[in-house]
Amino acid sequence: QVQLVESGGGLVQAGGSLRLSCKASGNIFSTDVMGWYRQTPGNQRVLVAFINSDGRTAYDDSVKGRFAISRDFAKNTVSLQMNSLTPQDADVYYCHARVQHFRGEDYRDYWGQGTQVTVSS
């Protein structure tokens with residue numbers, strides 16, 4: 001199978017920055033989209049940003065201009081640089097990857113274990 005291991009969450013003051021990283025490992029033939037979601041108190045996972053296999057990116061409106069997603073295709077890693085953080089950004093952030101185990105197989109979705117981002121005012 002595939003494991004997604006996240007790192008980089010923590011506590012930061014409002015206006016500060018954090019960088020989240022996620023590495024995918026295991027039985028990976030190819031990886032399509034990779035991205036980051038946040039889980040709201042109502043337990044909904046909401047898209048924060050994603051990056052496609054061709055490098056195209058998309059962001060939730062609330063983070064545009066403050067967050068930047070990047071990807072190392074060779075290492076199967078995705079990172080999220082989070083700047084100008086506000087208390088509203090605080091949540092558990094989850095890494096997501098859509099992975100193909102073998103050529104021609106359907107892609108499958110995998111999730112990391114989540115990393116807490118806390119922003120103090």
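Below: a short report on this structure. Note that the structure is predicted; figures quoted are calculated from it, not measured.

**Concerning the side chain of His101**
At step 1: With respect to the helices and strands, the residue His101 is situated in the loop between strand E9 (91–100) and strand E10 (108–111).
At step 2: For His101, a relative accessible area of 5% puts it in the buried group.
At step 3: Polar side-chain contacts of His101 include one of 2.6 Å to the side chain of Tyr110.
At step 4: Setting aside chain neighbours within four positions, we find His101 in contact with Gln1, Val2, Asn27, Phe29, Arg108 and Tyr110.

**Side note on the nonpolar core**
At step 1: Membership of the largest hydrophobic core comes to 26 residues, with the highest contact counts inside it found for Trp36 and Leu80.
At step 2: Secondary-structure elements contributing two or more residues to this core are strand E1 (2–7), strand E3 (18–26), strand E4 (30–39), strand E5 (45–51), strand E7 (67–72), strand E8 (77–82), E9 and strand E11 (115–120).

**Brief notes about the pairing of E1**
At step 1: A one-sided burial pattern is seen for E1, the buried positions being Val2, Leu4 and Glu6 and the unburied ones Gln3, Val5 and Ser7.
At step 2: Here six bridges tie E1 to E3, and the two strands are oriented antiparallel to one another. From the neighbouring strand, Gln3 faces E3, where its bridge partner is Ser25.

**Regarding the state of the cysteines**
At step 1: Taken as a whole, this structure holds one disulfide when the rule is applied.
At step 2: The disulfide partner of Cys22 is Cys95, and the S-S distance across this bridge is 2.1 Å. A torsion of -80° about the S-S bond marks the disulfide between Cys22 and Cys95 as left-handed. You can see Cys22 sitting in strand E3 and its partner Cys95 sitting in strand E9, a full 73 residues away along the chain. An identical accessibility class is assigned to Cys22 and Cys95; each is buried.

**Quick word on the side chain of Glu6**
At step 1: Relative to the assigned elements, Glu6 resides in strand E1.
At step 2: Although Glu6 is buried, it forms no salt bridge, and the closest oppositely charged side chain is Arg45 at an N-O distance of 7.5 Å.
At step 3: One polar contact links the side chain of Glu6 to the main-chain amide nitrogen of Gln113, over a distance of 3.3 Å.
At step 4: When neighbours within four sequence positions are excluded, Glu6 is seen to be in contact with Ser21, Cys22, Trp36, Tyr93, Tyr94, Cys95, Gly112, Gln113, Gly114 and Thr115.

Definitions and limits used
- Residues numbered from 1 in each chain as written.
- Predicted model: local features only at pLDDT ≥ 70, side-chain atom pairs only at ≥ 80, totals over all residues.
- Heavy atoms only, no water.
- Helix = DSSP H or I, 4+ residues; strand = E, 2+ residues; numbered from the N terminus.
- Buried < 20%, exposed > 50% of the residue type's maximum accessible area, 1.4 Å probe, protein only.
- Polar contact = N/O pair within 3.5 Å; in protein donor to acceptor, adjacent residues only side chain to side chain.
- Contact = heavy atoms within 4.5 Å.
- Core = buried A, V, L, I, M, F, W, Y, C linked by side-chain atoms within 4.5 Å.
- Pairing = 2+ DSSP bridges.
- Disulfide = S-S within 2.5 Å.
- Lys, Arg positive; Asp, Glu negative; His and termini not counted.
- Salt bridge = Lys/Arg side-chain N within 4 Å of Asp/Glu carboxyl O.

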